[in-house]
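Coordinate inspection notes
Chain by chain, the residues:
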There are 2 protein chains.
Amino acid sequence: MENKKKSTIKDIAAVLGLTPSAVSKALNDHPRISEKTKIAVKEAAIQLDYQPNYLSSALRKGKSNLVGVIIPRVNSHFFSSVVENIEKVLNLNGYNIIMTQSNELYAKECQEIDTLLKIQVDGIIASMANETTNLEYYQKIKSKTELVLFDRGEEELNVDYVGIDDYKSSHLVVDHLVSQNCNRIAHIAGFQHIRIYKERIRGYKDALEKWNLESKENWIIESNLRLEDGRRIMQQLLGSSERPDAVYVAGDIAALGALQVLLENNIKVPEEIALIGFSDEPFTSLTQPSISTVNQHSDQIGKLTAEAFLERMKNPKKKTINRIILEPELIIRQSSDKKK
Amino acid sequence: MENKKKSTIKDIAAVLGLTPSAVSKALNDHPRISEKTKIAVKEAAIQLDYQPNYLSSALRKGKSNLVGVIIPRVNSHFFSSVVENIEKVLNLNGYNIIMTQSNELYAKECQEIDTLLKIQVDGIIASMANETTNLEYYQKIKSKTELVLFDRGEEELNVDYVGIDDYKSSHLVVDHLVSQNCNRIAHIAGFQHIRIYKERIRGYKDALEKWNLESKENWIIESNLRLEDGRRIMQQLLGSSERPDAVYVAGDIAALGALQVLLENNIKVPEEIALIGFSDEPFTSLTQPSISTVNQHSDQIGKLTAEAFLERMKNPKKKTINRIILEPELIIRQSSDKKK
DNA sequence: TATATTTGTTCAATCGATTGAACAAAAATA
DNA sequence: TATTTTTGTTCAATCGATTGAACAAATATA
């Protein structure tokens, strides 16, 4: 009763009295095959519910048409939006993607890389886990297949990259806070060993200097930027001798944690302390007050990353590296907008 | 300079002066191969950084060792936790998973199914999209490969299934609310065409009846259970002539939306209106007040689903269907706990 | 010593699709 | 009519690993 057999070109060939190779060529629109046979073959293929055996053609062609995508976590609007857009572009070009998440863990990331290499993907698009400092596994990818990075990338890997201008983002944030008459601006930061967070810190410091504002070392606190990190650090800032009048958080989730603590302590946001997050996660517009944040253009990043990947596939040994840096956009919401 | 060639058993054979078949057998611990050769071969394999070509062995064996997992969305703790646990169990058994999301859309789901079938997965584990009512594509999966469902499943598909007792969950919720002296209990529900939501509604009605409570039809409102749905429906309930004193929401995100509206209207939770969600998403313990909810044992569901799948793979033509139903657990938090 | 058994390896076919070369038939050109 | 060109198809090798059968050598048994 169960009829799980799949039909092959052989079956089609048998039905039409042709050879498998003629069928294959007909399906692939080979110029030497007559229109008549092509039509007959394609009809028979539909009749028999023929699905090409991906494994065999991939083996023969030396190309799986699968692309591995590694992201730190998927329950983030930024990453899932990027992946969605990568998928959209790659699907149009005949690729299918396999999405995996590292959960920000180095060990998991290594395991995922091994899996992807094992199933012979044609290339890997990745954004590195927070934990990752050892680049060995990324070197391994490079030695076996193509690699394109987005958002979280390391320059020394010397691969194609798409991201935003993190340094400039901090300037946008600080400039805006200054315009709101803030002058004691703290920064709940990500870890410096990750390039994007280092850049945000550098931008933050330079922007403060630009405005002749004090830059206190204990106003820059690095963390994993989880919700609980935001809460903990905000509490710490509130307890310090000199309270900031604005906090710039390098991630929205941590910013939410910080906001929770502020509200629990009956601190008026933005009047007493203004708050700005990073990434434009959807919930930032839903909180009370809504949270100002930086839009990273996840859709654009996804699209451009996929295009960079396709470019690389077309030209695997091109020496020049493609680095695409997008302009950040500050989204001003209630948490930093002191209307006069 | 770039050295992206991968070594094959041929290379190993050449190095050791053996034939490829001897190498293959040595690597697979064939009994007829001598210990000495096995050791030599395995050593050479490491030396040459040999990775078996997954495509060729999959083709030969007629088995890809890939399992497709389709979930409605990944930015939900429930689903990502289930997938994580499925992956854990399947990895131990030599399978790799390909995770895809339908985004609750029927069209996307169909597309993902086609992709998975195309790349010849050995089976598919899925939880159906909210939108899905046409089971044609799931029938297609059944006709081509193995299928196991969890959480969102349809009985008429007649496949292995793992989920919780949704009917009983509603009883737990209502019983608890009654114990808190609530007697006007509304239900923000999911759509009836999805079995789990239908069961929750049925349990809710029966539990009300059990306690001789009025069951008003306009206190059961179906939706997609997104945040905005929760907000909209809560507003609607507040505006109605007879306000409920408790609201049972069939999803945590919608419950969060409902809570936001309650707080915005300065309604005391749980004193004036008690609130209970569903799924035990992590944020439910972080809100102020924290939200009571139903724990679906996502880790267990993942583990058991994977095991059901493995069982099915071992015995593809077994006629009896495995239906595993777990006990729900009510987690009482501030939003429904009126301490005496 | 002759024969049977065990052991270690090679041979050759296979999975399904692809592809350049070969070939025959039809059409075009000289 | 003879020769070249075009067209439509088949042949055979290939991708890399697997596997049953075959074979030779070593060992055991009669």
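Cut-offs applied
- Residues numbered from 1 in each chain as written.
- Chains lettered and ligands numbered in written order.
- Predicted model: local features only at pLDDT ≥ 70, side-chain atom pairs only at ≥ 80, totals over all residues.
- Heavy atoms only, no water.
- Helix = DSSP H or I, 4+ residues; strand = E, 2+ residues; numbered from the N terminus.
- Polar contact = N/O pair within 3.5 Å; in protein donor to acceptor, adjacent residues only side chain to side chain.
- Axes fitted to C-alpha atoms, helices over the stretch in contact; angles between N-to-C directions.
- Parallel < 35°, antiparallel > 145°, perpendicular 65-115°, else oblique.
- Left-handed = near helix turned anticlockwise from the far one by under 90°.
- Contact = heavy atoms within 4.5 Å.
- Nonpolar A, V, L, I, M, F, W, Y, C, P; charged D, E, K, R; others polar.
- Pairing = 2+ DSSP bridges.
- Near = heavy atom within 4 Å.
- Salt bridge = Lys/Arg side-chain N within 4 Å of Asp/Glu carboxyl O.
- Buried < 20%, exposed > 50% of the residue type's maximum accessible area, 1.4 Å probe, protein only.
- Arc of directions from axis to C-beta.
- Phe/Tyr/Trp six-rings, centres within 6.5 Å; stacked < 30°, edge-to-face > 60°.
- Domains from an automatic or database assignment.
- Buried area = accessible area lost by both parts, 1.4 Å probe.
- Least-squares fit on C-alpha atoms with pLDDT ≥ 70 in both.

Looking up chain A in an unreviewed UniProt entry gives the name LacI family transcriptional regulator, with the organism given as Flavobacterium palustre.

Bringing the environment of S34 of chain B into the picture now. Residues and elements named next belong to chain B. Within the fold, S34 resides in the loop between α2 (20-27) and α3 (35-47). Sequence-wise, S34 and Q192 are 158 residues apart; in three dimensions their C-alpha atoms are separated by 64 Å. In terms of polar contacts, S34 uses its side chain to reach the side chain of T37, at 2.3 Å.

As a further point, take the packing of helix α6 (residues 106-118) of chain A against helix α7 (residues 136-144) of chain A. Helix-helix packing is described using two parameters, namely the angle between the two axes and the distance between the axes. Residue and element names in this part refer to chain A. Where α6 contacts α7, the axes come no closer than 10 Å and their chain directions differ by 10 degrees. Judged on the interaxial angle alone, α7 and α6 are roughly parallel. In this structure, α6 meets α7 at a crossing whose hand is left-handed. Residue-level inspection shows Y106, E109, C110, I113, D114 and L117 of α6 in contact with α7, the latter providing Y137, Y138, K140, I141 and K144. When its residues are assigned to classes, the contact of α6 with α7 shows 7 nonpolar, no polar and 4 charged.

This part covers the sheet that holds strand β7 (residues 220-223) of chain B. Residues and elements named next belong to chain B. Across the sheet, 4 strands lie side by side as β7-β6-β8-β9; this open sheet has parallel pairing. Edge positions in the sheet fall to β7 and β9 (274-276), since each has one partner strand and no second. For this sheet, the mean angle separating the axes of adjacent strands, direction not counted, is 15 degrees. Relative to strand β8 (residues 246-249), strand β6 (residues 185-190) runs parallel, the two sharing 4 bridges. Looking across to β8, one finds that I188 is bridged to V249. Each of β6, β8 and β9 touches helix α8 (residues 166-179); the most contacted strand, β9, lies at about 165 degrees to it.

Our focus in this paragraph is the protein's contact with DNA strand D. Around DNA strand D sit 27 residues, and of these T37 of chain A together with I9, K25, Y50 and R60 of chain B come closest. If you look at DNA strand D and keep only atoms within 4 Å of the protein, 48% of those are sugar or phosphate atoms. K25 of chain B is positioned with one of its side-chain polar atoms (N or O) 2.6 Å from a base oxygen of DNA strand D. Element by element, the count of residues in the surface near DNA strand D is highest for helix α4 (residues 54-61) of chain B, at 4 residues. Considered class by class, the residues forming the surface near DNA strand D number 7 nonpolar, 12 polar and 8 charged.

Attention shifts here to the interface of chain B and chain A. Taken together, the contact pairs 44 residues of chain B with 44 residues of chain A. At the boundary of chain B and chain A, one finds 3 salt bridges. A salt bridge links K144 of chain B to D49 of chain A; the shortest N-O distance between them is 2.9 Å. Contributions of two or more residues to the side of chain B that touches chain A are made by α4, α5 (77-92), β2 (96-101), α6 (106-118), α7 (136-144) and α11 (252-264) of chain B. Counting residues per element, the side of chain B that touches chain A draws most heavily on α6 of chain B, which supplies 6 residues. Per-class residue counts for the side of chain B that touches chain A are 14 nonpolar, 17 polar and 13 charged.

It helps to recall that an α-helix has 3.6 residues per turn; residues three or four apart then point in one direction. Residues and elements named next belong to chain A. By the burial criterion, the buried members of α7 are Y137, Y138, I141 and K144. Down the axis of α7, the sector holding all buried residues measures 125 degrees, keeping them to one side. The elements touched by buried residues of α7 are α6, β3 (123-126) and β4 (146-150).

Before going further, it helps to examine the protein's contact with DNA strand C. Taken together, 26 residues lie around DNA strand C, and I9, K25, Y50 and R60 of chain A together with T37 of chain B are the ones closest in. For DNA strand C, the backbone portion of the atoms within 4 Å of the protein, that is sugar and phosphate, comes to 49%. With respect to DNA strand C, the side chain of T19 of chain B contributes an N or O atom lying 2.8 Å from a phosphate oxygen. Elements with a minimum of two residues in the surface near DNA strand C: α2 (20-27) and α4 (54-61) of chain A together with α2 and α4 of chain B. Of the residues forming the surface near DNA strand C, the biggest block, 4 residues, is contributed by α4 of chain A. For the surface near DNA strand C, the class distribution of residues is 7 nonpolar, 12 polar and 7 charged.

So, on to the packing of aromatic side chains. Residues and elements named next belong to chain A. This model, assessed by the stated rule, comprises 8 aromatic pairs over all chains. Relative to F309, the ring of Y95 lies with its centre 6.0 Å away and its plane at 80 degrees, an arrangement referred to as edge-to-face. Here Y95, found in the loop between α5 (77-92) and β2 (96-101), pairs with F309, found in helix α12 (residues 298-314); they are 214 residues apart in sequence, far enough to count as distant. You can call Y95 buried: its relative accessible area is 7%. Between the aromatic rings of Y204 and Y248, the centroid separation amounts to 6.5 Å while the plane-to-plane angle is 45 degrees, which identifies the pairing as tilted.

Here the focus is the side chain of D151 of chain A. Checked against the element boundaries, D151 of chain A lands in the loop between β4 and β5 (160-164). Ignoring any residue separated from it by four or fewer positions in sequence, one finds D151 of chain A in contact with F78, F79, S127, Y161, V162, G163, R195, I196 and Q296 of chain A.

Residues and elements named next belong to chain A. Split into domains, chain A comes out as domain 1 (9-52), domain 2 (63-164 + 298-326) and domain 3 (166-296 + 330-336). Domain 2 and domain 3 are separated by 29 Å when their C-alpha centres are compared. Taken together, the contact pairs 16 residues of domain 2 with 13 residues of domain 3. Buried area between domain 2 and domain 3, both sides added, is near 1,300 Å², and the carbon and sulfur share of it is 46%. Contact with domain 3 buries area across many residues of domain 2, yet H77, N130 and I164 alone supply 44% of it, more than any other trio. The tally of links between domain 2 and domain 3 comes to 0 salt bridges. Remark: the boundary between domain 2 and domain 3 carries 8 residue pairs in polar contact (both at pLDDT 80 or more). Mapped onto the side of domain 2 that touches domain 3, the elements with two or more residues apiece are α5, β5 and α12. By residue class, the composition of the side of domain 2 that touches domain 3 is 4 nonpolar, 7 polar and 5 charged.

What follows deals with the relation of the copies chain B and chain A. Superposition of chain B onto chain A requires a rotation of 180 degrees combined with a translation of 0.1 Å along the rotation axis, giving an RMSD of 0.1 Å. What the superposition gives is, in effect, a two-fold axis relating one chain to the other. By C-alpha distance to the rotation axis, the residue of chain B lying nearest is N75 of chain B, at 1.9 Å. By residue overlap, the copies meet face to face through one surface: 100% of the interface positions of chain B are interface positions in chain A.

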